[in-house]
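# Results of the structural survey
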Protein chains: 2
Amino acid sequence: MQLAEIITERVRRVTATAKVALHEPCFRGRELAYVTECIETGWVSSVGSYVDRFERDLAAYTGAKHAVVVSNGTSGLQIALQLVGVEAGDEVLIPALSFVATANAVRHCGAQPHFVDSDEASLGIGIAALAEHLGQVAEVLAGVCRNKRTGRRIAAVVPMHTFGHPVDMPALLELAARYHIEVVEDAAESLGSTIGGRHTGTFGRCSMLSFNGNKIVTTGGGGAILTDDAALAKRAKHLSTTAKMPHAWAFYHDEVAYNYRMPNLNAALGCAQLEQIDGFLDAKRELTQRYLEAFSDLPHVRLFTERPGTRANYWLQTLLIAPELAEQRDAILAATNGAGQMTRPVWELLSTLPMYRDCASMATPVAQDLARRIINLPSSPQLIMGAV
Amino acid sequence: MQLAEIITERVRRVTATAKVALHEPCFRGRELAYVTECIETGWVSSVGSYVDRFERDLAAYTGAKHAVVVSNGTSGLQIALQLVGVEAGDEVLIPALSFVATANAVRHCGAQPHFVDSDEASLGIGIAALAEHLGQVAEVLAGVCRNKRTGRRIAAVVPMHTFGHPVDMPALLELAARYHIEVVEDAAESLGSTIGGRHTGTFGRCSMLSFNGNKIVTTGGGGAILTDDAALAKRAKHLSTTAKMPHAWAFYHDEVAYNYRMPNLNAALGCAQLEQIDGFLDAKRELTQRYLEAFSDLPHVRLFTERPGTRANYWLQTLLIAPELAEQRDAILAATNGAGQMTRPVWELLSTLPMYRDCASMATPVAQDLARRIINLPSSPQLIMGAV
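Not measured: the values here are computed from a predicted model. (Residues numbered from 1 in each chain as written. Chains lettered and ligands numbered in written order. Predicted model: local features only at pLDDT ≥ 70, side-chain atom pairs only at ≥ 80, totals over all residues. Heavy atoms only, no water.)

### A short note on the overall build of chain A
Secondary structure assignment for chain A yields 13 helices and 17 strands. By the compact-globule yardstick of 21 Å for 388 residues, chain A fits well, its C-alpha radius of gyration being 21 Å. Projected onto its principal axes, the C-alpha coordinates of chain A cover approximately 70 × 60 × 35 Å. With 388 residues in all, chain A has 64% of them scored as buried. With an accessible surface of roughly 13600 Å², chain A has 51% of that area assigned to carbon and sulfur atoms. (Helix = DSSP H or I, 4+ residues; strand = E, 2+ residues; numbered from the N terminus. Rg over C-alpha atoms; globule rule 2.2 N^0.38 Å. Buried < 20%, exposed > 50% of the residue type's maximum accessible area, 1.4 Å probe, protein only. Areas by Shrake-Rupley, 256 points an atom, 1.4 Å probe, with all protein chains shown as cover.)

Structure follows, in C-alpha cells:
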C-alpha cells in the first residue's frame, strides 16, 4: 500500500467519519441564548454589554490586563503594530511561514515585512538564526535598530504561535530587547496555549487574537488586542472606533482611524464560546493522543507535539512527513481529501508570494523544509465530543 | 417659551415616548429564525448561504447587477475606491459635510481628500459650485485630471446621499465625465432612496452601502459594494477576502489584500432585515408627515424634505433652523437630549478636523451654514410601528 493510502486509512480510523472538515465550530453552550438576547433587546451593533463582557472575559482568561475586541485578526494586528509605533517605511520581522494576514497587516501600516526563518522545534520564528541574521544586517544607533542593507528602521518583530504551538518567548524577548525592537505577538491560533503556565499573547508589549470561524473559539469573524498597558488599550479602542472624542452629541474625531469594531452580536457568540474552551482544549489533547497512536508504527511520519515547558492548544493537528518522502505530500493531500478527510498543507512561504517576494528576507532553509512536509489533519473538537 | 423648549415639546408630541433614541434597530421579522439556523448548522463565518443570499437580495432590491458584502461601510468605500483605480498620492473629491468614514476610506487607500461644498437643496455635494471650482483648479491632460495647485491626480468623486437624500446624480455624472473623474457613490445612508425610480448607488461605476446598527437595515456591522461591472465585482470579492486564489487546498494569494468579509451570522440578520424594508420606509414617510405637522406653525424651523424627482428613505429626520437663529442650536440639542428626546447635530466639517485640515478644499460656505443649522430628530420606525 502507498503511504498516501496508509495515511488516509489511519486518519479515517481516528475521525471515524466518512466526510470530515479540517476544523468546524462547535456550538454546545449558551450561543443561541446570548444571540437571542441581542436580537430581542435590539443590541446587535458595536456598543453593547457582550462587547464589554467579552473583553473582560478574554482578559480574565488570558491574564492580560486589557483586551480590546476588533473586527478580525488582521485588523487587530494592524492596530497592535501601530500601537507600538510601527510607521510607514519601517520594516517588521515576521515569519516567512505564516498566514498571509501577518504580512498584510504590516503592509496596511505602510510598513514592509522582513522575513524570518522557522524553528523546527516550535514551527515559529527561529530565534538562534534570527540572532545571527540581525548580527549581520542590523545596527542599533541611539536606540533605533536599522537594517544596514535597506536603511529602514526595524521597528517590531511578530512571533506567530503556529497551530497553537508557542514560540520560545523568553528567548525572543531577550533578543528583541538587545536590538531595541518591539514585540507584538500574533496569537491568532494560540488561544489556550501557554508557556510555563503563562498565556501566549501576554509576553509581547501587545498581541492579537483571532476568532475566525476556523479558530478554537469563534465569533463568526473577529479578533482582539491584548496588552497590560492601559494607555495602549485605550488607544487601541480609540483607533478601532473612528477616533471619536467622547461627547454627548458632537462628532469630533482627532486622527485618521478605523471602523474595526466587533458587533455585539458577534461578541455574544464569543462569550458563549469562551465558556466552553476548557472542554475544547481537552478534546483536542485527546485527539492528539488518538493520532499519536494511529501513526505510532509509521516511521516516515511524525505527529507534531508540544515543546517541553509549553502547553499547546493543538488548534490544528499537524503531521510531519519525513524529508526523504516530502515529494509525496501532494499525493497524501489528494488521497485524504479525495476520501472525504479534509487535510491541508501549510501556507506558501510569504516570501515567495508575488507582492512580497522583493521584501527583505533572511535565508529560510527551515521554513522551506517545513513547508514541504507539513500536513494538517481534521481537528474539530466534535471528533472527540461526538455529534450533538 | 424659548425656541428650545418649544421644539422639545413638539418632538415629544411626535415621539409620544419619554425616552427615545435617535435610531434603533427594528427586529420584527425572521431575524431570530435565520440566526438560529446559522448557529444550529455551524455556518456562522465568512462562507455561508446567507452571505450569498444577502448579496443576491441586495442586487435584486437595488437593481445593481452585483453586490459584494463586506465588514462595514468604511471598508466598502476603501475597496470601491481601489476598484476604480484610486492610488496612493491621488486626490478624491468628497463632501466636507460627511461622516468621518468618507475621509478615512480615502486615506486608507493612501489618497488625500479634496473637500467639496454642499448644496442646500440636497444636503450633498454642490454640483454647480464644484463645476466652478474645477474650472479654476483642474486641468485634464491625456485623459487625466490634475489639481493644478497640488499637482496630484484627481481620481474620483464621492457623492454622499446625506440622511438618505439623493444627490443630483445625472448632473454630477455629466460633470465628472467632462473631467475624466471616476464616480463612487457613498450610499451608506440611502438604502431605499431613488432618483427617477432608480436606486441610489447604481449611478456611479460602483458604490457602497452600510448596515451599521443605526442604519435603516442592519447586520450589526456590515456594508456592501454595488456595481454593474462583473469584473469589478469579482475583484471586490478578491480584495476583501485576502486575494486567495481558488484551489482545493493550497494557500496562494496574489496581491496585498484585506480581511473585510461579512460573517454569515451577520448576513443572516441582513436577509431578515431587507425583507422588511418596505415597512420601514413607509413608517419613516409617515414619521416625516407627523414632524411636518408638528413644526408647521413655527416660522424659524423647517423639516427637510425630498427634492422633486427623488424619493428619500428619510433615514434620519432633519430639522433646519433658520440662519438667524442658528446660535440656538446647542440650546435646542441640550433641551431635547435633556428631556430624553435624543437629537444630534450634523458632523463637524471634515475639513476642520486636525488630520484633514491641511487637505485641499474649495470654499465651503454652504456646508458651514448647514453645519450650524441641522438637527437630526428621533427617527426609528418603531415610533410609527409601535412597540412590540
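### Things to note about the packing of helix α1 (residues 3–15) of chain A against helix α10 (residues 277–295) of chain A
Residue and element names in this part refer to chain A. Running from N to C, α1 and α10 point in directions that differ by 145 degrees, and their axes come no closer than 10 Å. Note that α1 runs across α10; the crossing there is right-handed. Every residue of α10 that contacts α1 at I7, R10, V11, V14 and T15 is listed here: L287, R290, Y291, A294 and F295. For the contact of α1 with α10, the residue count by class is seven nonpolar, one polar and two charged. (Axes fitted to C-alpha atoms, helices over the stretch in contact; angles between N-to-C directions. Left-handed = near helix turned anticlockwise from the far one by under 90°. Contact = heavy atoms within 4.5 Å. Nonpolar A, V, L, I, M, F, W, Y, C, P; charged D, E, K, R; others polar.)

### Concerning the nonpolar core
Grouped together as the largest cluster of nonpolar side chains are 102 residues, with contacts concentrated most on A:F54, A:L58, A:F211, B:F54, B:L58 and B:F211. Those residues in contact with A:F54 that lie beyond four places of it in its chain are A:V69, A:F211, A:T219, A:M262, A:A267, A:G270, A:C271 and A:L274. Core analysis: the next-biggest nonpolar cluster, separate from the first, contains 81 residues, A:A80, B:I94, B:I225 and B:Y258 among them. (Core = buried A, V, L, I, M, F, W, Y, C linked by side-chain atoms within 4.5 Å.)

### Observations regarding the interface of chain A and chain B
Each partner contributes to the interface: chain A provides 58 residues, whereas chain B provides 58 residues. Carbon and sulfur atoms make up 68% of the surface buried where chain A meets chain B, a total of about 4700 Å² over both sides. Three residues stand out in chain A for area buried against chain B, namely A:I39, A:W249 and A:F251, and they jointly supply 16% of the buried area on that side. Counting across the interface, chain A meets chain B through zero salt bridges. Where chain A packs against chain B, one counts 15 residue pairs in polar contact (both at pLDDT 80 or more). Elements that contribute at least two residues to the side of chain A that touches chain B include exactly α2 (31–41), α5 (100–108), α9 (264–274), α11 (329–338) and β15 (344–345) of chain A. Tallying contributions element by element places α2(A) first for the side of chain A that touches chain B, with six residues. Split by residue class, the side of chain A that touches chain B holds 29 nonpolar, 19 polar and ten charged. (Buried area = accessible area lost by both parts, 1.4 Å probe. Salt bridge = Lys/Arg side-chain N within 4 Å of Asp/Glu carboxyl O. Polar contact = N/O pair within 3.5 Å; in protein donor to acceptor, adjacent residues only side chain to side chain.)

### Description of the packing of aromatic side chains
The final tally for this structure, using the stated rule, is twelve aromatic pairs over all chains. Between A:Y291 and A:F295, the ring centres sit 6.1 Å apart and the planes meet at 10 degrees, which makes this aromatic pair stacked. Here A:F295 and A:Y291 lie together in helix α10, a separation of four residues that amounts to about one turn. In this pair, the class of A:Y291 matches that of A:F295, namely buried. Sitting above the plane of the B:F203 ring, B:R198 keeps its charged end 4.1 Å from the centroid. (Phe/Tyr/Trp six-rings, centres within 6.5 Å; stacked < 30°, edge-to-face > 60°. Lys NZ or Arg CZ within 6 Å of the ring centre and 35° of its normal.)

### Overview of the relation of the copies chain A and chain B
Take chain A, turn it by 180 degrees, move it 0.0 Å along the axis, and it overlays chain B with an RMSD of 0.0 Å. Here the transformation between the copies is reduced to the relation of a two-fold axis. (Least-squares fit on C-alpha atoms with pLDDT ≥ 70 in both.)

### What to know about unusual backbone geometry
Look at A:A142: it is not a glycine, yet its phi comes out positive at around 50 degrees. In this structure, A:A142 sits in the loop between β4 (138–141) and β5 (144–147).

### A closer look at the sheet that holds strand β9 (residues 198–199) of chain A
All names here are of chain A. With antiparallel pairing, the three strands of this open sheet are ordered in space as β9-β8-β13. The open sheet is flanked by β9 and β13 (310–311), the only strands paired with a single partner. Where strand β8 (residues 194–195) lies against β13, two bridges are found, and the strand directions are antiparallel. Bridge assignment links T194 to a residue of β13, and that residue is R311. (Pairing = 2+ DSSP bridges.)

### Considerations on the pattern of salt bridges
Residues and elements named next belong to chain A. Under the counting rule described, the total for this entry stands at 32 salt bridges over all chains. Linking R373 and D369 is a salt bridge whose minimum nitrogen-to-oxygen distance equals 2.6 Å. With R373 and D369 both in helix α12 (residues 365–373) and four residues apart, the pair spans about one turn of that helix. No difference in accessibility class separates R373 from D369, as the two residues are buried.

### With respect to the environment of B:C271
Residues and elements named next belong to chain B. Relative to the elements of secondary structure, C271 occurs in helix α9 (residues 264–274). What makes C271 buried here is its relative accessible area of 0%. Residues C271 and A367, 96 residues apart in the sequence, show an inter-C-alpha distance of 36 Å. Beyond its immediate stretch of four places on either side in the chain, C271 contacts Y34, Y50, R53, F54 and D57.

### Some points on the sheet that holds strand β17 (residues 374–377) of chain A
Residue and element names in this part refer to chain A. Strand order in the open sheet formed by four strands is β12-β14-β17-β15, and the pairing between neighbours is antiparallel. The outermost strands of the open sheet, each flanked by one partner alone, are β12 (301–303) and β15. Note: β12 against strand β14 (residues 317–321), three bridges, orientation antiparallel. The residue bridging R302 from the neighbouring strand is L320, located in β14.

### Details of helix α1 (residues 3–15) of chain B
All names here are of chain B. Between its first and last C-alpha, α1 extends 18 Å over 13 residues, near the 18 Å set by a 1.5 Å rise per residue. When we look at burial in α1, the residues that qualify are L3, A4, I6, I7, T8, R10, V11, V14 and T15. Those residues of α1 hidden inside the fold are in contact with α10 (277–295), β12 (301–303), β14 (317–321), α11 (329–338), β17 (374–377) and α13 (382–385). Positive backbone phi, approximately 50 degrees, marks A16, located one or two places after α1. (Expected span 1.5 Å × (residues − 1).)

### A look at the environment of B:E182
All names here are of chain B. Tracing the chain through its elements places E182 in strand β7 (residues 182–186). Note on E182: relative accessible area 25%, which makes it partly exposed. Taking the C-alpha atoms as reference points, E182 and G85, 97 residues apart in sequence, are found 8.6 Å from one another. What E182 contacts, discounting residues up to four positions off in sequence, is V84, A155, A156, V157 and R205.

### Structural notes on α10(A)
All names here are of chain A. Taking 1.5 Å per residue as the helical rise, α10 with its 19 residues ought to reach 27 Å, and the 27 Å between its terminal C-alpha atoms agrees with that figure. Those residues of α10 that fall on the buried side of the exposure criterion are I277, F280, L281, A283, K284, L287, T288, Y291, A294 and F295. Mapping the buried residues of α10 onto a view down its axis gives an arc of 160 degrees, with all of them on the same face. The exposed set on the far side of α10, more than 90 degrees from its buried face, consists of D278, D282 and E293. (Arc of directions from axis to C-beta.)

### Description of the domain arrangement of chain A
All names here are of chain A. Taken domain by domain, chain A holds domain 1 (3–25 + 277–385) and domain 2 (31–274). A C-alpha centroid distance of 25 Å is found between domain 1 and domain 2. With 44 residues of domain 1 at the contact, the number on the domain 2 side is 52 residues. A buried area of about 3900 Å², summed over both sides, lies between domain 1 and domain 2, and 66% of it is on carbon and sulfur atoms. In this assembly, domain 1 and domain 2 are joined by one salt bridge. With its nearest N and O atoms 3.4 Å apart, the salt bridge here joins R373 to E120. On inspection of domain 1 and its partner domain 2, the count reaches 18 residue pairs in polar contact (both at pLDDT 80 or more). Only α10, β13, β16 (360–361), α12 and β17 provide two or more residues apiece to the side of domain 1 that touches domain 2. In terms of residue count, α12 provides more of the side of domain 1 that touches domain 2 than any other element does, seven residues in total. (Domains from an automatic or database assignment.)

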